Amino acid sequence: MTPEEFTEAVREANRTALSRLGSSKSLYADTGGDMDADAVLRAAADAEHHAAETYAAWAESEADPDVVEAFETTAAEERGHYDTVAGKLDEHDPDDEIPAIHEYLRSLDGTVERLGGFLGRTLAAEASKSQTVGFFVGQADPQTAGAFREMNGDLDAQLARATDLLAEHCGSDDDWERAEAAATDAIQAAYDEYTERLEGMGVNPKPVC
């Protein structure tokens, strides 16, 4: 399997979950139904903080120097994202509650599984950030929308990092299968949390046709 085939397989297997994570209801779930600009910024800042913590922890416990470097670089990007978003708020203390996707990612200890989870988290973040850009466009705040677009650019680099390393570390079909399972489980963790939050607010998580 090529890295491109792998990424497409993960996207296809999780098409519904990624589509709903990229819907306007995703922001509603993340903010607990509070759809003002500060609430959206706080939710985004929390997400960036927990991502930075996950990748920094992985970097400390990995043995392969290339993988360590990739996780360190990604942690630094996520810390930069946090600083950018938190800087748009008067003050921000990250929420102690760890998002379900990061609880899952932090449970992984194999390199192949972590790289699969890395790719899964990147695809999930790609979906949700598109809605954040759209929100601030709708708020007539092009500067903030532009900041989130720049963060999306870093996700492209993270996806490339993940696929390059997967190509190096997946030497068998079993390796690719383990990586795909981890990617899918990461996306599913985010989707399950999205569903539970909406249902807890009495909102149908499925789109109304």
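Just above, that's the structure.
Let me sum up the structure you'll find in this document. (Residues numbered from 1 in each chain as written. Predicted model: local features only at pLDDT ≥ 70, side-chain atom pairs only at ≥ 80, totals over all residues. Heavy atoms only, no water.)

Moving on, we come to the side chain of glutamate 113. Tracing the sequence through the fold places glutamate 113 in helix α7 (residues 111-138). One polar contact links glutamate 113 to arginine 178, side chain to side chain, over a distance of 2.6 Å. (Helix = DSSP H or I, 4+ residues; strand = E, 2+ residues; numbered from the N terminus. Polar contact = N/O pair within 3.5 Å; in protein donor to acceptor, adjacent residues only side chain to side chain.)

Right, let's talk about the packing of helix α5 (residues 65-86) against helix α8 (residues 142-169) for a bit. Packed helices, taken two at a time, are described by the angle between their axes plus the distance between the axes. Where α5 meets α8, the closest approach of the two axes is 11 Å, and the angle between their N-to-C directions is 170°. Classed by the angle they form, the pair α5 and α8 counts as roughly antiparallel. Along this stretch, α5 crosses α8, giving a crossing that reads as left-handed. In contact with Asp66, Val67, Ala70, Thr73, Thr74, Glu77, Glu78, His81, Thr84 and Val85 of α5, α8 contributes Ala147, Phe148, Met151, Asp154, Gln158, Arg161, Leu165, Glu168 and His169. Split by residue class, the contact of α5 with α8 holds 7 nonpolar, 6 polar and 6 charged. (Axes fitted to C-alpha atoms, helices over the stretch in contact; angles between N-to-C directions. Parallel < 35°, antiparallel > 145°, perpendicular 65-115°, else oblique. Left-handed = near helix turned anticlockwise from the far one by under 90°. Contact = heavy atoms within 4.5 Å. Nonpolar A, V, L, I, M, F, W, Y, C, P; charged D, E, K, R; others polar.)

Another point: a negative patch on the surface. Residues Asp34, Asp36, Asp38, Asp90, Glu91, Asp93, Asp95, Asp96, Glu97 and Glu103 make up a contiguous surface patch of negative charge. The residue aspartate 95 is located in the loop between α5 and α6 (100-106) in this model. Look at aspartate 95 and you get partly exposed, because its relative accessible area is 38%. (Patch = residues over 30% accessible without salt bridge, like charges linked within 9 Å, V, L, I, M, F, W, Y side chains within 5 Å. Areas by Shrake-Rupley, 256 points an atom, 1.4 Å probe, with all protein chains shown as cover. Salt bridge = Lys/Arg side-chain N within 4 Å of Asp/Glu carboxyl O. Lys, Arg positive; Asp, Glu negative; His and termini not counted. Charge placed at Lys NZ, Arg CZ, Asp CG, Glu CD. Buried < 20%, exposed > 50% of the residue type's maximum accessible area, 1.4 Å probe, protein only.)

Before going further, it helps to spend a moment on the pattern of salt bridges. Tallied over the entire structure, the rule returns 12 salt bridges. For glutamate 8, the salt bridge is made with arginine 11, and the minimal N-O distance between the two is 3.7 Å. With a gap of 3 residues between them, glutamate 8 and arginine 11 both fall in helix α1 (residues 3-13), about one helical turn apart. The class of glutamate 8 is partly exposed, set by a relative accessible area of 47%.

Formed by 42 residues in total, the largest nonpolar core has its most connected members in Leu21, Phe71, Leu119 and Leu166. Tallying contributions element by element places helix α9 (residues 173-200) first for this core, with 11 residues. When residues no more than four places from it in sequence are discounted, the contact partners of leucine 21 are Ser26, Ala124, Ala127, Ser128, Ile187, Ala190, Tyr191 and Tyr194. (Core = buried A, V, L, I, M, F, W, Y, C linked by side-chain atoms within 4.5 Å.)

Let us now look at a nonpolar patch on the surface. On the surface, a cluster of nonpolar side chains totalling about 220 Å² of accessible area is made up of Tyr28, Met35 and Met201. Structurally, methionine 201 can be placed in the segment after α9. For methionine 201, a relative accessible area of 32% puts it in the partly exposed group.

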